[in-house]
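Each chain, written out:
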Amino acid sequence: MNKKRGNGYFIIYICLSIGAIIMVFPFIWSILTSFKTLTESLTFPPKILPDSWQLTNYSDVWQALPFPKFFFNTVVMVIARVITSTILSAMAGYAFARIKVRGMNILFLLVLLPMMVPGQVFILPQYLLISKAGLTNTLMALIIPGIASTFGTFLMRQFFMSVPEEIEEAAILDGCNYGQIFLKVMLPLAKAPLISLSIFTALFAWKDLMWPLIVNSSPDKMPLSSGLALLQGQYTTNYPQLMAGAVLATVPMIILYLIFQKQFIQGVASTGSKN
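Residues numbered from 1 in each chain as written. Predicted model: local features only at pLDDT ≥ 70, side-chain atom pairs only at ≥ 80, totals over all residues. Heavy atoms only, no water.

- An unreviewed UniProt entry lists the chain under the name Multiple sugar transport system permease, with Candidatus Enterococcus clewellii as the source organism.
- Taken verbatim from the UniProt record of the chain, the Subcellular location (unreviewed entry) comment is "Cell membrane".
- According to the UniProt record, the Sequence similarities (unreviewed entry) comment for the chain is "Belongs to the binding-protein-dependent transport system permease family." (UniProt positions renumbered as here; feature names shortened; annotations may be inferred.)

This is how it looks when you write it as structure tokens:
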């Protein structure tokens, strides 16, 4: 039995290792391409390692685009989305998990419906609302669609449902109402899933491409994702510079994950259990 179990684990590890290599290969390839010359990047068959490592691609792309402005716009958008989405998702998740009223399950189903529809479906009505409000080519146009999160509501509801009801009953006996229970009892317990939700929200906002390209046409109001799209030429594209810009845009998210890796894993694990 132990031998069969060991063989099973070996096969699982092999499959997971292959999957990990497949997932990380595009990122490694983009890093290697960022150090190549344009000729080397277009060579067929492709060359894995560059003949001479070109650091000038990073300086060239930094000078070609207003990266400080892109970073500023992206950071403002990410911070605003993380704060608003996390607060609203925590409040909504707690309400759906603990407040028992008739029709709450149906209402929660309606909240989940946007997760079952491609996000591109909502781009046109969102653009019309932003345009009629006169917010095109503004940072608010990047922030407003992300202030509420269906995924965040679902994530926080799953966590609050895993918290024993005896904790709330003890708080009620001490004279707490729903608001006090949420602020003084539930939120301190939800530190890990809140950090996970913040990282997810920051990641989704950081890599958002289609919406910023549609709603903002001015480079001064573009985030990193849509700003890098300016490197895509109509006929030719300098792929080493494009990959260098992509690497520069990816580094902050990698650092964020490394800092909060433990809390991120704990938060994801805690939302998958229910007592």
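### Regarding the UniProt feature "transmembrane region" (unreviewed entry) in the chain
Reasoning step 1: Mapped onto this numbering, the UniProt entry gives "transmembrane region" (unreviewed entry) at residues 9-32, 70-94, 106-127, 139-160, 181-206 and 242-260.
Reasoning step 2: What you have in residues 139-160 is 73% helix and 0% strand, and the ends, taken at the C-alpha atoms, are 33 Å apart.
Reasoning step 3: Strand forms 0% of residues 181-206 and helix 96%; the C-alpha atoms that close the span are 33 Å apart. (Helix = DSSP H or I, 4+ residues; strand = E, 2+ residues; numbered from the N terminus.)

### Comments concerning the packing of helix H9 (residues 165-173) against helix H10 (residues 178-189)
Reasoning step 1: Their axes nearest at 11 Å, the elements H9 and H10 cross at an angle of 150°. In this view, H9 runs roughly antiparallel relative to H10, as classed from their interaxial angle. Pair H9 / H10 crosses with right-handed handedness. Contact with H9, carried on its side by Ile167, Glu168, Ala171 and Ile172, involves Ile181, Val185, Met186 and Leu189 of H10 and no other residues of that element.
Reasoning step 2: Here the contact of H9 with H10 is composed, by residue class, of 7 nonpolar, no polar and 1 charged. (Axes fitted to C-alpha atoms, helices over the stretch in contact; angles between N-to-C directions. Parallel < 35°, antiparallel > 145°, perpendicular 65-115°, else oblique. Left-handed = near helix turned anticlockwise from the far one by under 90°. Contact = heavy atoms within 4.5 Å. Nonpolar A, V, L, I, M, F, W, Y, C, P; charged D, E, K, R; others polar.)

### Things to note about the packing of aromatic side chains
Reasoning step 1: Using the criterion set out here, one finds 16 aromatic pairs in the structure.
Reasoning step 2: An aromatic cluster is defined as three or more aromatic residues linked by ring pairs; in this entry it consists of Trp62, Phe67, Phe70, Phe71 and Trp206.
Reasoning step 3: The cationic tip of arginine 157 hangs over the ring face of phenylalanine 108; the distance from NZ or CZ to the ring centre is 4.2 Å. (Phe/Tyr/Trp six-rings, centres within 6.5 Å; stacked < 30°, edge-to-face > 60°. Lys NZ or Arg CZ within 6 Å of the ring centre and 35° of its normal.)

### Description of the environment of alanine 90
Reasoning step 1: Turning to its location among the elements, alanine 90 is positioned in helix H4 (residues 67-98).
Reasoning step 2: Counting along the chain gives 97 residues from alanine 90 to leucine 187, while the straight-line C-alpha distance between them is 8.1 Å.
Reasoning step 3: Other than its neighbours up to four places away in sequence, alanine 90 contacts Met156, Phe160, Phe182, Leu187 and Leu194.

### Things to note about the pattern of salt bridges
Reasoning step 1: Inspection of the entire model under this criterion finds 2 salt bridges.
Reasoning step 2: A salt bridge links aspartate 208 to arginine 81; its shortest N-O distance comes to 3.4 Å. Separated by 127 residues along the polypeptide, aspartate 208 in the loop between helix H11 (191-206) and helix H12 (210-215) and arginine 81 in helix H4 bring together distant segments of the chain. In terms of burial, aspartate 208 and arginine 81 fall into one category: buried.
Reasoning step 3: With a shortest N-O distance of 2.1 Å, arginine 98 and glutamate 168 are connected by a salt bridge. Here the residue arginine 98 occupies a position in helix H4, and glutamate 168 occupies one in helix H9, the gap between them amounting to 70 residues.
Reasoning step 4: For arginine 98, a relative accessible area of 8% gives the class buried.
Reasoning step 5: Note on glutamate 168: relative accessible area 7%, which makes it buried. (Salt bridge = Lys/Arg side-chain N within 4 Å of Asp/Glu carboxyl O. Buried < 20%, exposed > 50% of the residue type's maximum accessible area, 1.4 Å probe, protein only.)

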